[in-house]
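Spelled out from the first residue to the last, the chains are:
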Amino acid sequence: MSWRTVRSALTALMSGAGGEFAVEFAGGEPLLEVTTLRRAVEFVETTRPSGTGVEYSLTTNGTLLTPALFGFLCSHEFTIRISFDGVPAAQSHRGEWTYRVLDGLLERLRDHDPTGFARHVKVVVTVLPSTIPLLGASVRYLMAKGVQTIEIGPRFTWDPDWAPSCREELERQMGAVLQTSYEHWCSTGKVPVEFLAGPPPLKCRREMDFLCGAPWATSLCVDPGGRAWACPVFMTSLAQLPPLALEASRALDLGAIADISFQRRLAGLPERVARLRLFTNGLGKRSSYGACAQCRFAESCRVCPASISHNPNNRDPDLIPDFMCSFSYLSLAARERFHEMTGGARSAAWSSEMSGALGRLEAAVRESVAALQSSRSAAPAHGAHRPRRENRGRPRRSSNGRPTPR
Ligand code: SF4
């Protein structure tokens, strides 16, 4: 990505930043462009408006992460998300040699700077149908390495390997993750597996406007050509998309970030996305396991709409892939069970940690909606220049595409 594009994206982001904003470096592999990354951080540090706070994150395959670079990232309070699926057999689909490299990397970083390692490193495990039987072993291995935060999620793009028997195995493996996490919590008081760390799932069922934060541009993404998107998985510049995803990408495409039409495309985003059932009709969705309206976890389930649209054989925007539904259901059931096993002690701690963060998020969303409404009421009827929005919404905080998480 050219420096001109990076600077335009950062300038656009900071011009609308009210309180806090976030900058995420992802790829491809962002550490192939270390000089640009360092320059981008320096640019943000020297030009961001006074009174604003910034959170940095980096998603990397880890193979180019050196101790010196790690020190730089820690000094700027990066969250360093290392994609690593665990034991050798689980990691092998990313390249046979990568396990040895990452196994050594975790040890080096941990021994070099134990505090930085605990505070800044998050390991991101992507589960495939073929690696489900290895999930319990992978979590045990990562905990033994001293990893303090483990984000686990299913591959959201289409995987033909899913079969009905996979659900039973996934349930068994969730049981193993639960047991390992419980033992770890008893001896350390810590819960590295993120999906177990929150409060128990909510039981009510509520229709939400949108299934994820993309329609509010909670995560603005810029491709190497300088085109902005409301979600990275719908970038047509990076992948060929199946028909449902292609339709969604037209709504999420915000045009060139440096273009005069960018603010207009951004302001019209919620309206464009609201016309797509893919992002709406939460309680009207279903999988082979049943209707979401009947599911006890409907309120807490955060299945990513991209998983529906990335099945090349699917034309139904309400049909959730069975793998996604199973992972979501079983991980929420595991969290519920973990809450019972720990007598609610962990959930209480989590709630107190999160209440401040949620308050800030709520305030930012309110500010963003108010700015959107005021920009609409001030806009001329057709075509002419619209005033700049005051706040484009907060960039992504976590993974998984959910306003985490987005
Ligand atoms: S777990 Fe499955 S059935 Fe339940 S709400 Fe989520 S996708 Fe729908």
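Since this is a predicted model, take the numbers as computed values, not measurements.

Undergrad: Just give me the short version of the packing of helix α1 (residues 3-15) against helix α2 (residues 34-47), but keep the residues and values in it.
TA: One way to put it is that α1 packs onto α2 with a least axis distance of 11 Å and a crossing angle of 30 degrees. Classified by chirality, the crossing of α2 by α1 is right-handed. Contacts from W3, V6, R7, L10 and M14 in α1 reach T36, R39, A40, F43, V44 and T47 in α2. A class-by-class count of the residues in the contact of α1 with α2 yields 7 nonpolar, 2 polar and 2 charged.

Undergrad: Explain the confidence of the model for the chain residue by residue, including any values.
TA: Mean pLDDT for the chain: 85, with 82% of residues reaching 70 or above. Counted against residues more than four places away or in other chains, residues 379-406, with its pLDDT under 50, gives 80 contacts.

Undergrad: A description of the sheet that holds strand β8 (residues 253-256) should follow, citing residues and the corresponding values.
TA: Pairing is antiparallel in the open sheet, where 3 strands are placed in the order β6-β7-β8. In this open sheet, the two edge strands, each paired with only one partner strand, are β6 (221-222) and β8. Taken together, the 3 bridges between strand β7 (residues 227-229) and β8 define a ladder with antiparallel strand orientation. Within the sheet, the bridge partner assigned to R227 lies in β8 and is A256.

Undergrad: Lay out the nonpolar core in plain terms, naming residues and giving numbers.
TA: The tendency in soluble globular proteins is for nonpolar side chains to be buried side by side. V193, W229, A230 and F234 are the most contacted members of the largest nonpolar core, which has 99 residues in total. Of the residues forming this core, the biggest block, 9 residues, is contributed by helix α14 (residues 322-341). Excluding its chain neighbours within four sequence positions, the residues that come into contact with V193 are V139, I150, I152, V177 and S181.

Undergrad: Describe in detail the site of the ligand, supporting the description with residues and values.
TA: Taken together, 14 residues are adjacent to the ligand, and C292, C295, C301, C325 and Y329 come closest. A total of 3 residues in the shell around the ligand trace back to one element, the largest contributor, which is α14. Residues of the shell around the ligand, tallied by class, amount to 10 nonpolar, 3 polar and 1 charged.

Undergrad: Describe the packing of helix α8 (residues 164-188) against α14, and please don't skip the residues or the numbers.
TA: Packed helix pairs are specified by the crossing angle of their axes together with the interaxial distance, meaning the distance between the axes. Look at α8 against α14: their axes get within 10 Å of each other, and the N-to-C directions meet at 30 degrees. Comparing their axes, α14 and α8 come out roughly parallel. The two elements α8 and α14 meet at a crossing, and its hand is right-handed. Residue-level inspection shows R167, L170, E171, M174, V177, L178, S181 and Y182 of α8 in contact with α14, the latter providing S326, F327, L330, S331, A334, R337, F338 and M341.

Undergrad: Please set out the environment of R277 residue by residue, giving values where relevant.
TA: Assignment of secondary structure puts R277 in the loop between α12 (269-274) and β9 (286-287). Through-space distance from the C-alpha of R277 to that of P305 is 9.6 Å; in sequence the pair is 28 residues apart. If sequence neighbours within four positions are ignored, R277 has contacts with P317 and D318.

Undergrad: Can you break down the environment of E169 residue by residue, with the values?
TA: Structurally, E169 is set in helix α8. Since 14 C-beta atoms lie within 10 Å of it, E169 is described here as partly exposed. Taking the C-alpha atoms as reference, E169 lies 9.5 Å from P129; in sequence the two are 40 residues apart. Ignoring sequence-local partners within four residues, the contact set of E169 consists of I132 and P133.

Undergrad: Please provide a residue-by-residue account of the pairing of strand β3 (residues 79-83), values included.
TA: Burial of β3 is extensive: 4 of the 5 residues sit out of reach of the surface. In terms of strand pairing, strand β2 (residues 53-60) meets β3 through 4 bridges, oriented parallel. Bridged to T60 within β3 is I82. After leaving β2, the chain enters helix α3 (residues 67-75) and then returns to the sheet as β3, a path that is right-handed. Where β3 meets strand β4 (residues 121-127), 4 bridges bridge the pair, whose relative direction is parallel. The residue of β4 that forms the bridge with R81 is K122.

Undergrad: I'd like to hear about helix α5 (residues 98-112), residue by residue, with values.
TA: The end-to-end C-alpha distance of α5 is 21 Å, a good match for the 21 Å that 15 residues give at a rise of 1.5 Å each. Considered for burial, the residues of α5 that qualify are T98, L102, L105, L106 and L109. One side of α5 holds all its buried residues, which, seen down the axis, span an arc of 100 degrees. With respect to the buried face of α5, the exposed residues turned more than 90 degrees away are R100, G104 and D111. Close packing links the buried residues of α5 with α3, β3, α4 (88-91), α6 (114-120) and β4.

So, how was this worked out
Residues numbered from 1 in each chain as written. Predicted model: local features only at pLDDT ≥ 70, side-chain atom pairs only at ≥ 80, totals over all residues. Axes fitted to C-alpha atoms, helices over the stretch in contact; angles between N-to-C directions. Helix = DSSP H or I, 4+ residues; strand = E, 2+ residues; numbered from the N terminus. Left-handed = near helix turned anticlockwise from the far one by under 90°. Contact = placed C-beta atoms within 7 Å. Nonpolar A, V, L, I, M, F, W, Y, C, P; charged D, E, K, R; others polar. pLDDT = per-residue confidence, 0-100. Pairing = 2+ DSSP bridges. Core = buried A, V, L, I, M, F, W, Y, C linked by C-beta atoms within 7 Å. Buried ≥ 20, exposed ≤ 12 C-beta atoms within 10 Å, placed from the backbone. Near = placed C-beta within 6 Å. Parallel < 35°, antiparallel > 145°, perpendicular 65-115°, else oblique. Right-handed = clockwise from strand over helix to strand, strands pointing away. Expected span 1.5 Å × (residues − 1). Arc of directions from axis to C-beta.

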